[in-house]
Structures are given as structure tokens and as C-alpha cells.
Amino acid sequence: MEKLPIKSVVEGLLDLQKTGESATILGVGPMSRNCVQATLELSQEDDFPVMFIASRNQVDADELGGGYVNGWNQFTFAKAVEEVAENINYNNLYYLCRDHGGPWQRDKERNDHLPVDEAMKLGQQSYVADIEAGFDLLMIDPTKDPFEVGKVIPLDTVLERTVDLIEFCEKERKARNLPEIGYEVGTEETNGGLTSTETYETFILRLKEELEKRNLPMPTFIVGQTGTLTRKTEQIGTFNFKNAYDLAQMAKKYGVGLKEHNGDYLDDVTLLEHVPSEITATNVAPQYGTEETRAYLNLAAVEVRLVENGLIKEASNTRETLLIHAINSERWRKWMVGEQKDLTVDQILNSQDEELQAEILDIAGHYTFNDDEVQDEIKKLYANLKTQNIDGERYVIDHIKRPIRDYAECYKLNGATSRIKSLSK
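Residues numbered from 1 in each chain as written. Predicted model: local features only at pLDDT ≥ 70, side-chain atom pairs only at ≥ 80, totals over all residues. Heavy atoms only, no water.

Observations concerning the packing of aromatic side chains
Evaluated as defined, the whole model comprises nine aromatic pairs. A centroid spacing of 6.3 Å and a plane angle of 10 degrees characterise the contact between Phe 241 and Tyr 245, whose relative ring orientation is stacked. Of this pair, Phe 241 and Tyr 245 both sit in helix H8 (residues 241-253), four residues apart, roughly one helical turn. Here Phe 241 falls in the partly exposed class, since its relative accessible area comes to 31%. (Phe/Tyr/Trp six-rings, centres within 6.5 Å; stacked < 30°, edge-to-face > 60°. Helix = DSSP H or I, 4+ residues; strand = E, 2+ residues; numbered from the N terminus. Buried < 20%, exposed > 50% of the residue type's maximum accessible area, 1.4 Å probe, protein only.)

In C-alpha cells, the structure reads:
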């Protein structure tokens with residue numbers, strides 16, 4: 001299938017909104033190779049475009065620390081997605097996207113309080129690798145300033161850094177004679193609040209003015225806060241239909257799509273509100289990692305039953321290994337609330353609070369899938385189950401497909417690629 005630029009996909013969706021035939025496309029966090037396969041299979045089966053949205057913590061250049069997902073850098077990530085696509089004879093549209101690119105977007109850079117110049121330089125270095133690896137969309141996000149924690153970064157600062165970074169990326173892209181790419185921008189860090197329409201329009205107008213001055217393209221997406229917020233393994237925000245609709249109309253005036261972040265664990269009522277509110281795209285990431293962890297735990301529970309019934313000799317240590325690695329990763333801290341996020345690893349490991357341990361495993365298990373010990377136990381788990389005619393890997397992929405399918409159904413994604421392509425005929 002001929003690949004449309006991501007900007008054409010968004011323009012197609014905006015056009016389809018006039019006929020009621022539009023959809024909200026999914027930005028899927030590439031939490032693992034299994035997650036990539038689950039996403040591509042559904043995209044192929046139901047004929048819709050999909051975006052893989054990789055944060056810098058998940059996928060980044062080796063010299064910047066690499067990524068926790070399979071140790072992927074931009075090139076090995078692109079190759080892995082391509083390999084999965086070839087293996088399943090994929091013939092639809094997928095897009096490689098940088099989620100939250102820019103300065104201080106790796107946890108370490110922010111925790112180290114790197115000075116502005118150094119943080120910008122590392123952000124630029126990461127973008128160059130994105131561009132060379134063939135990414136289709138770059139999110140320009142200079143809003144995670146460690147010197148402004150808890151405050152909203154001044155709009156002037158966000159605008160200046162955003163335009164400077166787009167200019168840098170365009171220069172690097174053109175120097176390599178590469179095709180056009182899309183950009184995604186936003187006004188502030190997603191924190192569960194709402195973006196006011198006034199702030200949103202001011203940002204768009206000023207951004208448009210600055211970009212035109214430098215002969216730079218308008219972005220493909222502008223992020224707006226619709227009230228969604230993920231903590232632990234729940235959606236604790238409240239989706240605001242009117243605000244989402246107003247932001248979408250505002251973005252559409254300038255030929256840009258509204259992008260929603262923090263779209264995990266939404267209920268069906270909220271999901272069904274997305275098409276009429278004319279949100280162009282939603283990002284979902286940790287939910288799919290959590291679902292994969294739960295799939296392994298289900299398989300481990302079956303394995304225990306098989307041992308009890310004498311059908312296999314020795315169970316793997318999958319659950320315990322995942323648990324210890326998840327606790328040691330400390331990556332659960334960003335999702336916890338209240339005093340729990342300040343607990344030490346030893347306090348949790350030595351705790352009799354099995355509920356807390358299970359919660360941390362649920363939240364942070366997916367950060368450890370690339371750890372050697374975890375991989376060894378999963379291989380043993382699969383081998384044990386295979387002796388009893390259970391295809392563990394197939395089950396895991398199918399389990400991840402369930403929540404993706406829920407979103408795809410409510411977002412009217414079935415047949416979306418064909419509908420978009422029909423516009424250009």
C-alpha cells in the first residue's frame with residue numbers, strides 16, 4: 001500500500017468530519033514487540049492507520065542511554081516494526097512517532113537538572129536520530145523544565161523553544177534530502193487539567209506567526225488537555241466533552257488536528273464521545289504494558305495448576321521474577337499517588353503488604369520485559385505451557401489486542417484507511 005504522509009491522514013480525517021465518517025486514530029505506546037504485533041494485526045484486520053508513539057525513555061539513541069523497551073534505539077525500533085509487518089504480511093498504514101521529544105524528556109536529564117543549553121543539545125541529538133531512522137512525526141515538547149517544576153512554563157518560553165526546535169529539525173531533514181515529516185506541539189505538560197480555548201488559540205496564532213516568519217510548516221497535531229489523567233492503572237481524570245469539542249474546532253480552523261494524551265483506561269461512554277467531539281487522535285501507552293503483564297500472570301497461574309495436577313514437573317518463576325524486577329526498577333514512582341511514591345525499594349520488598357506489591361507489579365511489570373532474568377522465566381513458562389498445547393505467546397498478543405479493539409470499535413476505526421484514501425481519488 002502506498003504510504004500517505006501523516007499530515008494527509010489528519011487532513012483526511014478533518015475532511016471526513018464534515019460527512020460524519022471520520023474516526024479518532026490511536027497513538028499506541030510500543031511497550032514491547034508483542035504490543036507492536038497486536039497493534040499491526042488489528043490495523044490490518046480492520047483497515048485503519050496506526051501511530052507508534054515512542055517516548056525518549058522507551059526508545060532513544062544508544063549514546064543517550066537507549067530505551068527500556070527491548071533496548072531499542074530509533075533504528076532497531078524501526079527495523080523491529082518493519083520485521084513484524086513483514087511477518088504478518090501487513091498492508092496498511094503505520095507511522096513511527098516521537099512522543100515527548102526534546103530537552104529533559106529522559107528522566108535522567110530532568111533528575112540531573114541539566115542546564116538549558118545542554119538539555120536542548122541532547123534533545124536535538126535525539127531528533128537527528130529520529131529523522132535519520134525515518135520517523136514520520138516528531139513531538140516538540142519543551143515543557144518539562146526541571147527549573148519550573150510545579151509551575152506552568154511561560155508561553156513565550158514554550159513558543160520560542162518550540163519554533164527553534166522545529167527549525168532545527170527541518171534543517172536536518174532537508175540536509176539529508178528526506179521527505180516531509182509531521183510535527184506535534186503543545187502548550188504545557190499534561191496534568192489532568194483542561195486547556196482553555198483562549199490559551200489554545202493564542203498559542204496557535206502566535207505559533208503560526210513565528211513559523212511563517214521562518215518559512216516553517218504548521219504542525220500536524222496540537223495537544224490539548226481534555227481532562228484525562230492516568231495514575232496507577234486507572235483513569236482518574238474526567239473527560240470534558242465541551243472543552244474537547246471547542247479545542248477541536250479551534251485546531252481545525254488552522255487545518256490542525258487536536259491530539260489527546262493520557263487516554264488510557266477510558267470507559268466506553270467516554271470512548272464513544274471522541275468521534276462527536278472531533279478529537280483527531282488519542283495516545284495510549286501504559287495500559288497496554290499493564291495488559292501484557294496481566295497476560296503473563298494469567299499464564300503463570302495456569303502453569304501452577306498444571307504442576308499441581310502433575311502435568312508438568314516444575315513451574316517457572318515468572319511472577320516472582322517480574323515482581324522483584326518491577327519493584328527494583330522504581331519506575332512505578334511516577335504513577336503512584338500520595339506518600340506511596342516515596343517508599344524505598346527495601347520497604348516494599350520486605351513489606352507484608354501483598355496488595356501493594358501486586359499493585360506495583362501491575363503498574364511497572366512492563367518496564368522489566370527486557371531484563372534477562374525476566375526473559376528467561378517467560379521462555380520457560382512458554383515451554384512448559386507448550387507441552388500442554390497452550391500457545392503462550394499467541395495468548396499474550398491476543399490479550400493485548402482486546403483493549404486496543406475496544407478503542408478501535410468506539411473510535412470508528414474500522415475501514416478508516418479506505419475512507420481516507422477514497423478522498424484522494
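Further notes follow.
Some points on the sheet that holds strand E1 (residues 25-28)
Spatially, E1-E2-E3-E4-E5-E6-E9-E10 is the arrangement adopted by the eight strands of the closed barrel, whose pairing is parallel. Strand after strand, the sheet turns through a mean of 25 degrees between neighbouring axes, direction not considered. The pairing of strand E3 (residues 94-101) with strand E4 (residues 137-140) spans three bridges and is parallel. Of the residues in E4, the one forming a bridge with Cys 97 is Leu 137. Strands in contact with helix H2 (residues 33-46) are E1, strand E2 (50-54) and E3; relative to E2, the strand with the most contacts, it is inclined by about 160 degrees. (Pairing = 2+ DSSP bridges. Axes fitted to C-alpha atoms, helices over the stretch in contact; angles between N-to-C directions. Contact = heavy atoms within 4.5 Å.)

Some remarks on the pairing of E4
Burial along E4 is two-sided: Leu 137 and Met 139 facing one way and Leu 138 and Ile 140 facing the other are all buried. Taken together, the four bridges between E4 and strand E5 (residues 182-186) define a ladder with parallel strand orientation. Note on E5: the bridge partner recorded for Ile 140 is Val 185.

A short note on the packing of helix H11 (residues 318-329) against helix H14 (residues 372-386)
Contact pair H11 / H14: the axes reach a minimum separation of 9 Å and the direction vectors enclose 160 degrees. In this view, H11 runs roughly antiparallel relative to H14, as classed from their interaxial angle. In the packing of H11 onto H14, the handedness of the crossing is left-handed. Residues Thr 318, Thr 321, Leu 322 and His 325 of H11 form the contact with H14, whose participating residues are Glu 373, Val 374, Glu 377, Ile 378 and Leu 381. Looking at side-chain class alone, the contact of H11 with H14 contains four nonpolar, three polar and two charged residues. (Parallel < 35°, antiparallel > 145°, perpendicular 65-115°, else oblique. Left-handed = near helix turned anticlockwise from the far one by under 90°. Nonpolar A, V, L, I, M, F, W, Y, C, P; charged D, E, K, R; others polar.)

Considering the side chain of Thr 280
Along the chain, Thr 280 turns up in the loop between helix H9 (268-277) and strand E10 (281-284). Contact partners of Thr 280, with chain neighbours within four places excluded, come to Val 10, Leu 13, Leu 14, Gln 17, Ala 23, Thr 24, Ile 25, Phe 221, Gly 257 and Leu 258.

Considerations on the pattern of salt bridges
Counted by the stated rule, this structure contains 35 salt bridges. Salt-bridge contacts for Glu 21 lead to Arg 419; the nearest nitrogen and oxygen are separated by 3.9 Å. Of this pair, Glu 21 sits in the loop between helix H1 (6-16) and E1 while Arg 419 sits in helix H16 (residues 416-423), and the two are 398 residues apart along the sequence. Classification of Glu 21 by relative accessible area gives partly exposed; the value is 37%. For Glu 132, the salt bridge goes to Arg 176, with nearest N and O atoms at 2.8 Å. Taken together, the residues span a long stretch of sequence, with Glu 132 in helix H5 (residues 116-132) and Arg 176 in the loop between helix H6 (155-175) and E5 at a distance of 44 residues. Overall, Glu 132 belongs to the partly exposed group, its relative accessible area being 40%. Classification of Arg 176 by relative accessible area gives partly exposed; the value is 30%. Sharing partners across several salt bridges, the network here consists of Glu 41, Glu 45, Arg 394, Asp 398 and Lys 401. (Salt bridge = Lys/Arg side-chain N within 4 Å of Asp/Glu carboxyl O.)

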